[in-house]
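Reading the structure
Chain by chain, the residues run as shown.
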Amino acid sequence: MVAPAAETKPRSGASAQGPILEVRDLAVHFPIRKGILQRTVGHHRAVDGISFSIGRGETLGLVGESGCGKTTAGRAVLALQPATSGKVIFDGKDVFAQDAASLRRLRRDMQIIFQDPGGSLNPRMRVGRIVGEPLEVHGIAEGEALREEVERLLETCGLWRAAADRYPHEFSGGQRQRIGIARALALRPKLVVCDEPTSALDVSVQSEILNLLADLQRDLGLSYLFISHDMAVIHHVCDRIAVMKDGKIVEEGTREEVIGGPKHPYTRRLLLAVPECDPRVDAEKRRSRQRMLAEEIER
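Parameters at a glance
Residues numbered from 1 in each chain as written. Predicted model: local features only at pLDDT ≥ 70, side-chain atom pairs only at ≥ 80, totals over all residues. Heavy atoms only, no water. Helix = DSSP H or I, 4+ residues; strand = E, 2+ residues; numbered from the N terminus. Buried < 20%, exposed > 50% of the residue type's maximum accessible area, 1.4 Å probe, protein only. Contact = heavy atoms within 4.5 Å. Areas by Shrake-Rupley, 256 points an atom, 1.4 Å probe, with all protein chains shown as cover. Salt bridge = Lys/Arg side-chain N within 4 Å of Asp/Glu carboxyl O. Core = buried A, V, L, I, M, F, W, Y, C linked by side-chain atoms within 4.5 Å. Pairing = 2+ DSSP bridges. Axes fitted to C-alpha atoms, helices over the stretch in contact; angles between N-to-C directions.

Moving on, we get to the overall build of the protein. Counting its regular elements, the protein contains 10 helices and 10 strands. A burial count over the protein gives 47% of its 299 residues as buried. Within the protein, contacts between residues separated by at least 24 positions form 69% of all contacts whose residues are at least 6 apart in sequence. A total of about 14800 Å² of accessible surface is found on the protein, and carbon and sulfur atoms cover 49% of it.

What follows covers the pattern of salt bridges. One pass over the structure, following the stated rule, counts 21 salt bridges. Between Asp-48 and Arg-45 there is a salt bridge, and its shortest N-O distance comes to 3.5 Å. You can call Asp-48 buried: its relative accessible area is 18%. Linking Arg-166 and Glu-170 is a salt bridge whose minimum nitrogen-to-oxygen distance equals 3.4 Å. Through salt bridges with shared partners, a single ionic network connects Arg-147, Glu-148, Glu-151, Glu-155, Arg-161 and Asp-165.

Let's shift gears to the nonpolar core. Within the largest apolar cluster, 50 residues are counted, with the highest numbers of intra-cluster contacts made by Val-131, Leu-154, Ile-179, Ile-181, Phe-226, Met-231 and Val-243. Considering every element that reaches this core, the biggest residue donor is helix H6 (residues 203-220), with 6 residues. Discounting chain neighbours no more than four positions away, the residues touching Met-231 are Val-63, Val-243, Val-258, Ile-259, Thr-267, Leu-270, Leu-271 and Val-274. Ile-50, Leu-62, Met-110 and Met-244 belong to the second largest nonpolar core, which has 29 residues in total.

Turning to the sheet that holds strand E10 (residues 248-254), a few remarks are in order. With mixed pairing, 6 strands are arranged side by side in an open sheet as E6-E7-E8-E3-E9-E10. A single partner strand is all that each edge strand has here, and the edge strands are strand E6 (110-113) and E10. Between one strand axis and the next, the sheet turns through 15 degrees on average, direction left out of account. Its contacts with the sheet place helix H1 (residues 70-77) against strand E3 (59-63), E6, strand E7 (191-195), strand E8 (223-228) and strand E9 (240-245), and it is angled at close to 155 degrees to E8. Docked against the sheet, H6 engages E3, E6 and E8, running at close to 160 degrees with respect to E8.

Moving on: unusual backbone geometry. In the Ramachandran plot, Glu-196 falls in the positive-phi region, its phi being about 45 degrees despite a non-glycine side chain. Counting through the fold element by element, Glu-196 comes out in the loop between E7 and H6. Backbone geometry places Asp-246, a non-glycine residue, at a positive phi of 50 degrees. With respect to the element layout, Asp-246 can be found in the loop between E9 and E10. We classify Asp-246 as exposed; its relative accessible area is 53%.

As structure tokens, this is what we get:
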């Protein structure tokens, strides 16, 4: 469970212009092959026809247990994972209908923060080059202007300017995630997919990263698709919540609706599984929660 953090939370900033992202009947199926000839005998429906939207300046939480398909859905939204069917409309443009050149331009406005802050950073590259690479690739900055922009991004994400000259292994997990966030912000995107950005971090560091993301959203007007298995984190950061199970969205609503009055049994199980760390909650109440969870599982 995430540690207590400041009260600053991203709030919805939905605009009359309509949603920044619309996902319609998105499906991602992986073939199941068997035998010497590896014939396809079926398909694993990792994502099985989900639909949702995200308003401008809003955070949608996609929550579910490991293996439910939420990360695959997030990658498919960015066209990092080929989709079997469905549509993704980003800022009025059909993502899957773009040619290579158009998709590359569109990627400037759609970025991702990966779950593993260490594995997502090239260990052979200095931080300055890691953060500055998107700016170079898209021809936005070079030379001294590039260096200045990289240092500004690092400072914005809570690091120091001289960090640009060091390698990823010289930083802690939380600091490496800040580097990943700086890289994601380099192109000034409109939408950021946060793929479990705090699950690999210490509890005390999680709240720092969540508050950083909240501050960046407020200052830059970002929209987030926040993927997590942790209901406590989702409760802290999201305006709306979509609960995912076995490739499908089984419940969706505002934070107050889903957390305060869950309708689907799976949602109730996720909520009951959140550890109760408040010392004011007596042992009897803890046992009651455990009994309720056991009853939900039996159903």
